[in-house]
Amino acid sequence: MRDPLFRMALVLGVLSAVGPFAIDMYLPALPQVAADLGTTEAGAALTLTSYFIVFGIAQMIYGPMADALGRKTPLLIGVAIFLAATVAAALAPTIGWLIAARALQGLGAATLMAVPRAVIRDVATGPEAAKVMSTIMIVIAVSPMLAPLTGSLVMGWGGWREIFAILAVAALVSLALILFVLPETLAPEHRRPVRLAPMLSGARRLLTDRRFMGLTMIGGFGMASFFVFLSSASFVYTRQYGLSPTGFSLAFAVNAIGFFAASQFAGPMAQRHGMERVISLAITGFAAIMIALAAVVWLGLDALPVVMAGLFLGNACLGLVMPTAMVMSLDPHPDIAGLASSLGGTFQMLTGGVMIALTGPFMDNSAASMVTAIALCVALAWCAAAASLPRLRLA
């Protein structure tokens, strides 16, 4: 990768990590939030749900905005909203206030999901774009390793409100990077005004593109598997296995290492074997691993090392699936990359939210229910590939 691209990838990675940090750094604090604000665990979990839902829908705003105004303006607007919401969350006196502040955080953070992918499409395509995306995944993958640990450390000397104070500092750093380091990658002559008719036309084009929708749903159900893990892991690890918040953070980090390591091979493997071959083998491997893990756990072999090993291998496959699916879905649509990025991101986030809602009633804070729900998400991702992308070699 050329040096300018590498530098841009690192900047985009840092920006893209703010949203995951706002989720993962907060996970060890959920029990304390429930106690401090006098609510139930389900009430505390709504602070995650509100973030995810608004985060998903808001990407439809930033994509067209990025196509019309360039890439930097939507980033600045979104991060400014995120900063204001983070301050509000730190001051929240009630659970209702915190849920609303978290929703507003999701509204701001959505720009950091939708716009960076359009920036990548501006400067690179094909395997080179996969390399840029995998470099970004380094930073994003480090987030689940560092964020819960950071949250646990902050709770050791402060509390959950101090977590939001640190996130506010991260938002200020992001604003500085956007203003002074990140270049504008969409030339004025290539910008498309926000008009309803072209948006509807572009959306219709994408929604009827079997390949785009297939890749989007592969990513969506893959993302859902991670969301299900996010919503249940802290309770499973602390209640079934008796881990402390720090112990949970370390276990959570181990699961992220597989994703981090594998994502670095996405670009080189795409160049050598082709992106379709990579994604077909990765999604098939992911499904096989998670179904096998669910079967083993239901047979009673649910020791913590077994669960962590299975999730490590599964997340390694997911590390190949996500960057490859993102690049493949955007490559055929350079003229509406912002809209395609936001529409794809919205579908993926909403799919994750729906799967959390559908599997939630069956969760009993056990490893068996958690890995079964994850396996279901991955099986649906494989089915999406088999039904929508028949040319993929799913074997």
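Everything in this summary refers to the structure shown in the same document. Since the structure is predicted, the reported quantities are computational estimates derived from the model, not experimental observations.

## A look at the overall build of the protein
Right, on to step 1. Secondary structure assignment for the protein yields 16 helices and zero strands.
Right, on to step 2. Taken over the C-alpha trace, the protein has a radius of gyration of 20 Å; the compact-globule value for 395 residues is 21 Å, and the two agree within 12%.
Right, on to step 3. Judged by the C-alpha coordinates and their principal axes, the protein covers about 55 × 50 × 40 Å.
Right, on to step 4. Counting over 395 residues, the protein shows a buried share of 56%.
Right, on to step 5. Considering only contacts in the protein between residues 6 or more positions apart, those separated by 24 or more positions represent 86%.
Right, on to step 6. Split by element, the accessible area of the protein, about 14,900 Å² in all, is 72% carbon and sulfur.

## Regarding helix 10 (residues 210–240)
Right, on to step 1. Its 31 residues place the ends of helix 10 42 Å apart at the C-alpha level, agreeing with the 45 Å of an ideal helix rising 1.5 Å per residue.
Right, on to step 2. Where burial is concerned, most of helix 10 is hidden: 24 out of the 31 residues are buried.
Right, on to step 3. Between a side-chain oxygen at the N-terminus of helix 10 and the backbone nitrogen of Arg211 the separation is 3.0 Å; the capping residue is Asp209.
Right, on to step 4. Looking one or two residues beyond helix 10, the residue adopting positive phi is Gly242, at roughly 70°.

## Things to note about the state of the cysteines
Right, on to step 1. In the structure shown here, the tally under the stated rule is zero disulfides.
Right, on to step 2. In this structure Cys377 is not part of a disulfide, and its nearest cysteine sulfur, from Cys383, lies 12 Å away.

The rules we used
Residues numbered from 1 in each chain as written. Predicted model: local features only at pLDDT ≥ 70, side-chain atom pairs only at ≥ 80, totals over all residues. Heavy atoms only, no water. Helix = DSSP H or I, 4+ residues; strand = E, 2+ residues; numbered from the N terminus. Rg over C-alpha atoms; globule rule 2.2 N^0.38 Å. Buried < 20%, exposed > 50% of the residue type's maximum accessible area, 1.4 Å probe, protein only. Contact = heavy atoms within 4.5 Å. Areas by Shrake-Rupley, 256 points an atom, 1.4 Å probe, with all protein chains shown as cover. Expected span 1.5 Å × (residues − 1). Polar contact = N/O pair within 3.5 Å; in protein donor to acceptor, adjacent residues only side chain to side chain. Disulfide = S-S within 2.5 Å.

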